[in-house]
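# Structural description and commentary
The chain contents come next:
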Amino acid sequence: MVAKTYLWIEDREGKASYTFWTALMSQICPEVIVESKKNNSELVKSVKALTDRTNRYIIAFDNSFDNVQL
C-alpha cells in the first residue's frame, strides 16, 4: 500500500481558503489530497481522532482572532 499525503483545512469547499489550497497543491504538489473539515472545531475533532499511521497529514489552521480552539 502506498502512503498518501492529505492536507486538512478548516474551510468549506467553495470558500476562498479551500480554493487557494486546492489550486496551489495542484500546481506544486499534485499528489497531496486537499480535504475540507468544514470548520475549526471539526478539524480539531478529526486530528484528535486520527489513528492512521500509514498516511501523512498536513494540518492547516487559519490565523484569526476568532479561532479560540487554537
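Notes on the structure follow. (Residues numbered from 1 in each chain as written. Predicted model: local features only at pLDDT ≥ 70, side-chain atom pairs only at ≥ 80, totals over all residues. Heavy atoms only, no water.)

## Quick notes on the pairing of strand β1 (residues 5-9)
We count it as follows: Burial here depends on accessible area, computed with a 1.4 Å probe over protein chains only, as a share of the maximum for the residue type. Under 20% is buried, over 50% is exposed, and the range in between is partly exposed. Helix and strand assignments follow DSSP, with helices taken as H or I runs no shorter than four residues and strands as E runs no shorter than two, numbered in order from the N terminus. Two strands form a pair only when DSSP identifies at least two bridges running between them. By convention, a crossover is right-handed whenever its connection, traced from the first strand over the helix to the second and viewed with the strands pointing away, goes clockwise.
Among the 5 residues that make up β1, 5 are buried, leaving the element largely enclosed by the rest of the structure. By the alternation rule, side chains of β1 split into Thr-5, Leu-7 and Ile-9 and Tyr-6 and Trp-8, which are all buried. Note that β1 and strand β2 (residues 32-36) share 5 bridges and pair parallel. Within β2, the residue paired with Thr-5 across the bridge is Val-32. In this fold, the crossover linking β1 to β2 by way of helix α1 (residues 16-28) has right-handed handedness. Bridge count between β1 and strand β3 (residues 56-60): 5 bridges; the pairing is parallel. In the strand pairing of β3, Leu-7 is matched with Ile-58.

## A closer look at the nonpolar core
Test applied: Among buried residues, the Ala, Val, Leu, Ile, Met, Phe, Trp, Tyr and Cys ones that are joined through side-chain atoms within 4.5 Å form a nonpolar core. Should any heavy atoms of two residues lie within 4.5 Å, those residues are counted as being in contact.
One finds Leu-7, Ile-9, Tyr-18, Met-25, Val-32, Val-34 and Ala-60 forming the largest nonpolar core, which totals 7 residues. If you list the elements that add at least two residues to this core, you get β1, α1 and β2. Setting aside residues up to four positions removed in sequence, Val-34 forms contacts with Leu-7, Ile-9, Tyr-18, Trp-21, Thr-22 and Met-25.

## Quick word on a nonpolar patch on the surface
Applicable threshold: Nonpolar side chains (Val, Leu, Ile, Met, Phe, Trp, Tyr) are joined into patches within 5 Å and like charges within 9 Å, using only residues with over 30% relative accessible area and no salt bridge. A 1.4 Å probe and the Shrake-Rupley method give the accessible areas. Residues count as covered only by the protein chains that appear here. Any carboxyl oxygen of Asp or Glu that lies within 4 Å of a side-chain nitrogen of Lys or Arg is treated as forming a salt bridge with it.
On the surface, Val-47, Ile-59 and Phe-61 cluster together into a nonpolar patch covering about 200 Å² of accessible area. Mapped onto the secondary structure, Ile-59 falls in strand β3. On the accessibility criterion, Ile-59 (32% relative accessible area) is partly exposed.

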